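Examining the three-dimensional arrangement
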Amino acid sequence: SSAASDVYKRQAVVSFYKNDFMSAMKDAVVAYDIARNLESPYWIAKSAELKADIFWHVYNYRQSEQCTHEAVKYYLLAGRVDNHRYALCDLATIYVNEGRLDDAKSLVDSIYAVVTNETPVDSALLDYMYFPLSSVLLQTNKIDELRQLLKEAPDFVLFGDGKVDEALKNITVTYLSGDNGRASTLLSDAYQLAEDEKQRARVIYEEYRQAMFTGNYEKAALMG
C-alpha cells in the first residue's frame, strides 16, 4: 500500500539525516519498488526524489540527475504542480554542479517566467530557484543581471529588517566584488549575530551557497 511506501520513505529520511546513506538508500529503494508496484505517480516521485538526494550526498551526480528526472515526470503525472516545479529547480542545481550552465539557466528562466506571471506569486518557490539562477549568472559573469535579480528577490531572502538580513545582503554584494576573504569574515560575523536556530540556519545556508559559487563543491556537499 501507499502507507507502506511512506513508512519506508520515512525510515530512509531518518537514516539520511543521520548520514547513514547506505541504510537510507536500502529503505528508499524499497519505498520506490512498492510505489512502482502500486503504479502510484506521487509516491514514485517522492521516493525517486529521496534517492536523488542520497545520490547527491555521495557525489553520484549522474544517478542523482536520473532520479530527479523521474521525480519531475511523476510529479507532473500526479498533478502535483508545486512539487514538479521544485523538482525542476533541483534539476537545474544539478546542471549547475555539472557545469551545464546554459541548460540550468534555460530551465530556471522558464519556471521564473511562469511563476512571476501568476497571482499570487509563489514567493517560496522564487526563493528556492534563486540559488541555481544566481549561481548561473555569477559563474557566467553576468553581474548586471545578478544585481538586478538581487533587487527583485523576495524581501525575506536578502532585504529584511534585522542585522542578520543586512549581513547576508552584504555578504552577497562582497562576493560579487570578488573579495572572498572579506565575505568569509562577514559570514562568521553573521553567525555571531544570529539570535536563534532559524537565523543560524540561514547563515549556514548562505555559506553553502557561497561554497557552490566558488566551486568548492566538496565543502558544499559536506554542508548539504
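Preceding this section is the structure that the text describes.
Cut-off values and rules
- Residues numbered from 1 in each chain as written.
- Predicted model: local features only at pLDDT ≥ 70, side-chain atom pairs only at ≥ 80, totals over all residues.
- Heavy atoms only, no water.
- Helix = DSSP H or I, 4+ residues; strand = E, 2+ residues; numbered from the N terminus.
- Expected span 1.5 Å × (residues − 1).
- Buried < 20%, exposed > 50% of the residue type's maximum accessible area, 1.4 Å probe, protein only.
- Phe/Tyr/Trp six-rings, centres within 6.5 Å; stacked < 30°, edge-to-face > 60°.

Let's shift gears to helix α2 (residues 21-38). Its 18 residues give α2 an end-to-end C-alpha distance of 25 Å, which sits within 8% of 26 Å, the value for a rise of 1.5 Å per residue. Turning to α2, its buried residues number three or more, namely Phe21, Ala24, Met25, Asp27, Ala28, Ala31, Tyr32, Ile34 and Ala35. With its phi angle positive at about 55°, Glu39 sits one or two positions after the end of α2.

Attention shifts here to the packing of aromatic side chains. In the structure shown here, the tally under the stated rule is four aromatic pairs. Plain terms: the ring middles of Trp56 and Tyr61 are 5.0 Å apart, the flat faces sit at 65° to each other, and that makes the pair edge-to-face. Taken individually, Trp56 and Tyr61 each receive the classification buried, so the pair is uniform in this respect. Pairwise contacts between aromatic rings join Tyr42, Trp43 and Tyr75 into one cluster.

Quick look at the environment of Tyr130 now. With respect to the helices and strands, Tyr130 occurs in helix α7 (residues 123-139). A relative accessible area of 4% means that Tyr130 is categorised as buried. Each C-alpha atom, one on Tyr130 and one on Tyr112, is 9.4 Å from the other, the two residues being 18 residues apart in sequence.

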